[in-house]
Amino acid sequence: MPYPYQIKTYDQYKQAYQKSVEDPEAFWADIAEHFYWRKKPSGKILNWNFKEPKIEWFKGAKLNITENCLDRHLEKNGNTPAIIWEPNDPDEKPRIISYKKLHEHVCRFAHVLKNNGVQKGDRVCIYMGMIPELAIAILACARIGAIHSVVFGGFSAQSISDRLMDAQATFIITCDGAYRGAKDIPLKNVIDDALIGNKTVKRVIVCTRTRIPVSMIKGRDVWWEEEMKRVEEQGLNFIEAEEMDAEDPLFILYTSGSTGKPKGVVHTSGGYMVYTNYSFVNVFQYQPGQVHFCTADIGWITGHSYIVYGPLSAGATSLMFEGVPTWPDAGRFWNIIDKFKVNILYTAPTAIRSLMGFGTAPLDRKDLSSLQILGTVGEPINEEAWHWYDENVGKKHCPIVDTWWQTENGGILISNLAGVTPAKPSYATLPLPGVQPILVDENGKEVEGNNVSGNLCIKFPWPGMLRTTYGDHERCRTNYFATYENLYFTGDGALRDENGFYRITGRVDDVLNVSGHRIGTAEVENAINMHAGVVESAVVGYPHDIKGQGIYAYVIFKGEGIEESLAKKDILQTVTRVIGAIAKPDKIQFVSGLPKTRSGKIMRRILRKIAEGETQNLGDTSTLLDPGVVDEIKKGKI
Ligand code: WT7
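Residues numbered from 1 in each chain as written. Predicted model: local features only at pLDDT ≥ 70, side-chain atom pairs only at ≥ 80, totals over all residues. Heavy atoms only, no water.

Let's talk about empty space enclosed by the protein
And step 1. Scanning the entire structure with this criterion turns up four cavities of 30 Å³ or more.
And step 2. Each pocket or cavity is described by its volume, and for the largest cavity that value is around 80 Å³.
And step 3. Lining the largest cavity are 13 residues, with G129, M130, A178, R180 and D297 positioned closest to its centre.
And step 4. At three residues, strand β9 (residues 178–180) tops the list of elements feeding residues into the lining of the largest cavity. (1 Å grid on protein atoms, 1.4 Å probe; cavity = no way out; pocket = protein on both sides within 12 Å on 5 of 7 lines; lining within 4 Å. Points joined across faces, edges and corners; volume = space filled by probe spheres on them. Helix = DSSP H or I, 4+ residues; strand = E, 2+ residues; numbered from the N terminus.)

Written as structure tokens, this is what we have:
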């Protein structure tokens, strides 16, 4: 068997789970045996306390994750496709890159990085579209021990600038532009704006994709292709991998929380490698030769873990798609599945709901018979979408895995294992081995037994968890480990049914989940408040048919003589500039005041209910400073 640690029956799952709880160190040390280490894990496998927090897995062991993702497959599977790349335009030729070729590209680009002065530990910001060079850039950083920080191509110059500063990044890898559906996104222009006034970035490497005109600054900007050509001409097709400690940082990925400023979640190389591989192999029940298609963008954690590191460390074939599900038409996913005989499809409920809107016609005459396993991630999946996916895509013969996890987790924490453990629509079901969930009430008291609900925490470390938030460990502590003593708090609410299966009900903090992407309400409010005419604002989520949650903004606006609809557009433009188009409110309502308590706290509960369309049961409003404002807001609801 290719993966001796692949769980094949429900009983095996129960045994593995039990062992992982009784003796976590032995459990993970056994799994770690199946990787290539320069120096194997030995002695103390785990050091931890959630107080500081301090989490160390396999410390002292040495490895390079790229030797596990590339080199170790070369001898037997060098010609196996590592990446199948499908471009945005269905008429453009796809690219199929074998492990051998990918290894070569990564080694060459690692030389390019070194030639340009990148050293172990340097932070490299990557702002690219979904082309194979993005995966190559990531792996080349890992090869030489540089810490990558990928920023999703939808973020604004301001957001990039903040992230560059926070990580003290000295290098950037970008593209001239990116194709996304009908749009061309001018990535390098955005980087140029982000770099105005920046003093730390020394070099920008620009990869050609759309070949729109770009400004290339002498001494700072270089072309990817020219740099690669030089290395190739010198015959530098190999580079020795940097030996890393298991606890050396591998990457930073920024994510939103309940405060105004995104946090740089730090993952380390040993634990992250073991966990993404283990979860990939078990949740999706991957078999060699299968084609795995994760539709996420590599700019998010799902792409890091289940397009790049998880599949490649398992020697899998990972399909990477540049475009969007609905362009040039709503049959795009189905065409790709048909064309490449995809076996595993991993996508988001929001994509399923949006495709549902086109009916089943786009699926007609598409051969989806290669599909064996379906997955979802990013947000709770409603039963209607689950059944549509099951019937029309899986034709009722593909197990569906509903995978719950977070950027901070590195990999999937709660999910059924495809075809091995039971599924239940809208339930993530059971924790993976090594994951110890616990529900607590407001006071942090454990909610025991079944048929209960509470705030979801994890009481024991797993190898893929975050180690810190970059440059500010205290922030990591207060965000995740201070709400409840000795617990990692997820920010989600959950219920546990009569069988002990978990259903994630959504965030319990001021964080929205829009189309499977996390956005902090405070972050959106800060952006809105930057508009010169805005006095104050309050942002809440409301149920949205496709996005899961939409963004509803209540705004006190004092702009003189501006027409209301134009003022609202100005606000949208401001948010786009400050964060990016993904954070644009779906609805903006101008109000003369916000419901506040006598101590000045905004009563979001009331605003949320109004945004959800509730008019009657708004709960106790007697503590409000000015109850009249609630009637006005109700009348003006959009
Ligand atoms: C939040 C994490 C890592 C996955 C991509 C999003 C929500 C994620 C599920 C699911 C219900 C889910 C949670 C979580 N979420 N997966 N299967 N069922 N909710 O990563 O941006 O870090 O967001 O997404 O609310 O806290 P993220």
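Back to the write-up after that little detour.
Digging into the packing of aromatic side chains
And step 1. For the coordinates displayed, the defined rule picks out 39 aromatic pairs.
And step 2. Between F251 and Y309, the aromatic rings sit 6.4 Å apart at their centres with planes inclined by 5 degrees, giving stacked as the arrangement. Residue F251 is located in strand β14 (residues 249–255), and its partner Y309 is located in helix α10 (residues 301–313); the two are separated by 58 residues in the primary sequence.
And step 3. When its relative accessible area of 0% is taken as the criterion, F251 is described as buried. (Phe/Tyr/Trp six-rings, centres within 6.5 Å; stacked < 30°, edge-to-face > 60°. Buried < 20%, exposed > 50% of the residue type's maximum accessible area, 1.4 Å probe, protein only.)

Here we look at the layout of surface pockets
And step 1. Here the second largest pocket is characterised by a volume of approximately 440 Å³.
And step 2. Looking at which element gives the most residues to the lining of the second largest pocket, the answer is helix α3 (residues 65–77), with five residues.
And step 3. A per-class count over the lining of the second largest pocket returns six nonpolar, eight polar and three charged. (Nonpolar A, V, L, I, M, F, W, Y, C, P; charged D, E, K, R; others polar.)

Details of the pattern of salt bridges
And step 1. The final tally for this structure, using the stated rule, is 41 salt bridges.
And step 2. Put simply, R38 and E240 hold a salt bridge, and the shortest N to O gap is 3.3 Å. Linking R38 in the loop between α2 (24–32) and β1 (46–49) with E240 in the loop between α8 (224–233) and β13 (244–245), this pair joins segments that are 202 residues apart in sequence.
And step 3. A relative accessible area of 52% means that E240 is categorised as exposed. (Salt bridge = Lys/Arg side-chain N within 4 Å of Asp/Glu carboxyl O.)

A look at the pairing of strand β8 (residues 171–175)
And step 1. A large share of β8 lies buried, amounting to five of its five residues.
And step 2. Residues of β8 alternate between two faces, with F171, I173 and C175 on one and I172 and T174 on the opposite face, all of them buried.
And step 3. Here five bridges tie β8 to strand β11 (residues 203–207), and the two strands are oriented parallel to one another. Bridging from a neighbouring strand, I173 pairs with I205 of β11. (Pairing = 2+ DSSP bridges.)

Some remarks on helix α9 (residues 269–283)
And step 1. Spanning 15 residues, α9 covers 21 Å between terminal C-alpha atoms, matching the ideal 21 Å at 1.5 Å per step.
And step 2. For α9, a buried count of 15 out of 15 residues is recorded, marking the element as mostly surrounded by other parts of the structure.
And step 3. The first or second residue beyond α9 is Q285, which carries a positive phi of 50 degrees. (Expected span 1.5 Å × (residues − 1).)

Considering the sheet that holds strand β23 (residues 468–469)
And step 1. Taken in spatial order, the eight strands make up an open sheet running β12-β11-β8-β6-β7-β14-β15-β23, and their pairing is mixed. Every other strand in the sheet has two partners, leaving β12 (221–223) and β23 as the edge strands with one partner each.
And step 2. With two bridges connecting them, strand β15 (residues 263–268) and β23 associate as antiparallel partners. Bridge pairing links V266 to T468 in β23.
And step 3. Along the sheet, α8 makes contact with β8, β11 and β12, crossing β12 at roughly 60 degrees. (Contact = heavy atoms within 4.5 Å. Axes fitted to C-alpha atoms, helices over the stretch in contact; angles between N-to-C directions.)

Description of the domain arrangement of the protein
And step 1. Here the protein is described as being made up of domain 1 (67–242) and domain 2 (511–635).
And step 2. A separation of 38 Å is found between the C-alpha centroids of domain 1 and domain 2.
And step 3. Every contact between the two is made by six residues of domain 1 and, on the other side, seven residues of domain 2.
And step 4. Between domain 1 and domain 2, the buried area comes to about 450 Å², and carbon and sulfur atoms account for 54% of it.
And step 5. A per-residue breakdown of the area domain 1 buries against domain 2 is headed by F155, S156 and Q158, which together make up 57% of the total.
And step 6. Where domain 1 packs against domain 2, one counts zero salt bridges.
And step 7. Its residues placed into classes, the side of domain 1 that touches domain 2 shows two nonpolar, four polar and no charged. (Domains from an automatic or database assignment. Buried area = accessible area lost by both parts, 1.4 Å probe.)

Things to note about the pairing of strand β28 (residues 534–544)
And step 1. Sheet topology note: the β28/strand β29 (residues 548–557) ladder contains 10 bridges and is antiparallel. Counterpart to P543 in the pairing with β29 is Q549.
And step 2. Joining the antiparallel neighbours β28 and β29 is a turn of three residues.

Notes on the site of the ligand
And step 1. In the vicinity of the ligand, 18 residues are found, and the nearest of them are D402, T403, T407, D492 and R518.
And step 2. Note that a nitrogen atom of the ligand is positioned 2.8 Å from one of the backbone N or O atoms of T403.
And step 3. Within the side chain of R507, a nitrogen or oxygen atom sits 2.8 Å from an oxygen atom of the ligand.
And step 4. Notes on the ligand: free accessible area 550 Å², of which the protein chains cover 95%.
And step 5. At the level of secondary structure, the elements contributing two or more residues to the shell around the ligand comprise α10, β20 (400–403) and β25 (502–507).
And step 6. Residues of the shell around the ligand, tallied by class, amount to six nonpolar, seven polar and five charged. (Near = heavy atom within 4 Å. Polar contact = N/O pair within 3.5 Å; in protein donor to acceptor, adjacent residues only side chain to side chain. Areas by Shrake-Rupley, 256 points an atom, 1.4 Å probe, with all protein chains shown as cover.)

Quick look at the nonpolar core
And step 1. Counting 166 residues, the largest nonpolar core has F109 and Y309 as its most contacted members.
And step 2. Top element by residues in this core is helix α5 (residues 132–144). It accounts for 10 residues.
And step 3. Counting the residues that make up this core, at least three belong to each of domain 1 (67–242) and domain 2 (511–635).
And step 4. Discounting chain neighbours no more than four positions away, the residues touching F109 are I136, A137, A140, I173, I205, W224 and M228. (Core = buried A, V, L, I, M, F, W, Y, C linked by side-chain atoms within 4.5 Å.)

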